[in-house]
Amino acid sequence: MTPELILMESVRNGSPVPRALFHESCDETVSTVLLSSGFSVAEVEELLAELDTLLFGNDAFYRHDPEKGAFGDFLLEQLCRCVRRRGEHRMPDRAKWDEEWKKQVLRQSLLKLRREMTPDEYLAFEVYVVEGKPAREAAVLSSLSPGMVYLVKTRALKRLRVLRHEFEAV
């Protein structure tokens, strides 16, 4: 069984990104930015379709060229290109894009982290760090000792910082 792909990891490695993975990973970010920039739901759907055509054409995969710059900046540039083609004077808000892209990088980093940890370790991390519940509760739910929950937290946060840094550079 092939491990499930992670968008930012594929982009970083220069691997082809399947169309479905791109949409699963990026549509929420793009939609949030466009909606907050005053575009209607119908316009957002049309722009997502235009962005798809621009990036993929008739291919099932997209491969990012690092020469085109960081993936997040490139994606925003292509989105703005789609908006300009429509003759729009409104543009996606750059500050909102940066905010949403940071969330995207964090989501992608957490996906990668989850795959690197055992299910019990990730559950402990999620309950203790992400949900903010007590270490004792995380220990009970994950079948780990409280001491192990603290150790998992320390290791996971260290690794998460590395992954975020790597994916931000993509």
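You'll find the structure just up there.
Quick caveat: nothing in here was measured; it's all calculated off a predicted structure. (Residues numbered from 1 in each chain as written. Predicted model: local features only at pLDDT ≥ 70, side-chain atom pairs only at ≥ 80, totals over all residues. Heavy atoms only, no water.)

S.K.: I'm lost on the nonpolar core in this one. Help?
M.R.: Soluble globular proteins tend to pack their nonpolar side chains together in the buried interior. Leu7, Met8, Phe22, Leu55, Phe71, Leu75 and Trp97 are the most contacted members of the largest nonpolar core, which totals 31 residues. Secondary structure elements with two or more residues in this core: helix 1 (7-13), helix 2 (19-36), helix 3 (41-56), helix 4 (71-85) and helix 5 (94-116). For this core, the leading source of residues is helix 4, giving eight residues. Those residues in contact with leucine 55, other than ones at most four positions away along the chain, are Phe22, Tyr62, Phe74, Leu75 and Gln78. Listed in part, the 16 residues of the second largest apolar core include Tyr122, Ala135, Ala139 and Leu144. (Core = buried A, V, L, I, M, F, W, Y, C linked by side-chain atoms within 4.5 Å. Buried < 20%, exposed > 50% of the residue type's maximum accessible area, 1.4 Å probe, protein only. Helix = DSSP H or I, 4+ residues; strand = E, 2+ residues; numbered from the N terminus. Contact = heavy atoms within 4.5 Å.)

S.K.: In this structure, what is going on with helix 8 (residues 146-168)? I would like to understand it.
M.R.: For an α-helix, the turn length of 3.6 residues means that residues three or four places apart are oriented alike. Taking 1.5 Å of rise per residue, the 23 residues of helix 8 would be expected to cover 33 Å, and the 32 Å separating its terminal C-alpha atoms lies within 8% of that figure. Here helix 8 has its buried residues at Val149, Val152, Ala156, Leu160, Leu163 and Phe167. Taken together, the buried residues of helix 8 touch helix 1, helix 5, helix 6 (119-130) and helix 7 (135-142). (Expected span 1.5 Å × (residues − 1).)

S.K.: Sorry, what's going on with the environment of arginine 161 here?
M.R.: Structurally, the position occupied by arginine 161 is in helix 8. The exposure class of arginine 161 is exposed, given its relative accessible area of 56%. It is 23 Å that separates the C-alpha atoms of arginine 161 and serine 142, two residues lying 19 residues apart in sequence.

S.K.: Would you explain the state of the cysteines in this entry?
M.R.: Covalent bonding between the sulfur atoms of two cysteines is what defines a disulfide. Counted according to the given criterion, the structure contains zero disulfides. Lacking any disulfide linkage, cysteine 26 is separated from the closest cysteine sulfur, that of cysteine 82, by 13 Å. Free cysteine cysteine 80: the closest other cysteine sulfur is in cysteine 82, separated by 9.2 Å. (Disulfide = S-S within 2.5 Å.)

S.K.: For this particular structure, what's the right way to read the packing of aromatic side chains?
M.R.: To describe a pair of aromatic rings, you give the distance between the ring centres and the angle between the ring planes. The tally for this structure, following the rule as stated, stands at eight aromatic pairs. A network of ring pairs unites the aromatic residues Phe22, Phe56, Tyr62, Phe71, Phe74, Trp97 and Trp101 as a single cluster. One Lys or Arg, arginine 90, reaches over the ring of phenylalanine 39 and ends 4.1 Å from the middle of that ring. (Phe/Tyr/Trp six-rings, centres within 6.5 Å; stacked < 30°, edge-to-face > 60°. Lys NZ or Arg CZ within 6 Å of the ring centre and 35° of its normal.)

S.K.: Would you mind going over the packing of helix 2 against helix 3 with me for this structure?
M.R.: A packed helix pair is summarised by two numbers, namely the angle formed by the two axes and the spacing between the axes. The geometry of helix 2 relative to helix 3 is characterised by a closest axis approach of 10 Å and an angle of 140 degrees between their N-to-C directions. Classified by the interaxial angle, the pair formed by helix 2 and helix 3 is oblique. Seen from above, helix 2 lies across helix 3 with right-handed handedness. Of the residues in helix 3, those in contact with Arg19, Phe22, His23, Asp27, Val30, Ser31, Leu34 and Leu35 of helix 2 are Val41, Val44, Leu47, Leu48, Leu51, Asp52, Leu55 and Phe56. (Axes fitted to C-alpha atoms, helices over the stretch in contact; angles between N-to-C directions. Parallel < 35°, antiparallel > 145°, perpendicular 65-115°, else oblique. Left-handed = near helix turned anticlockwise from the far one by under 90°.)

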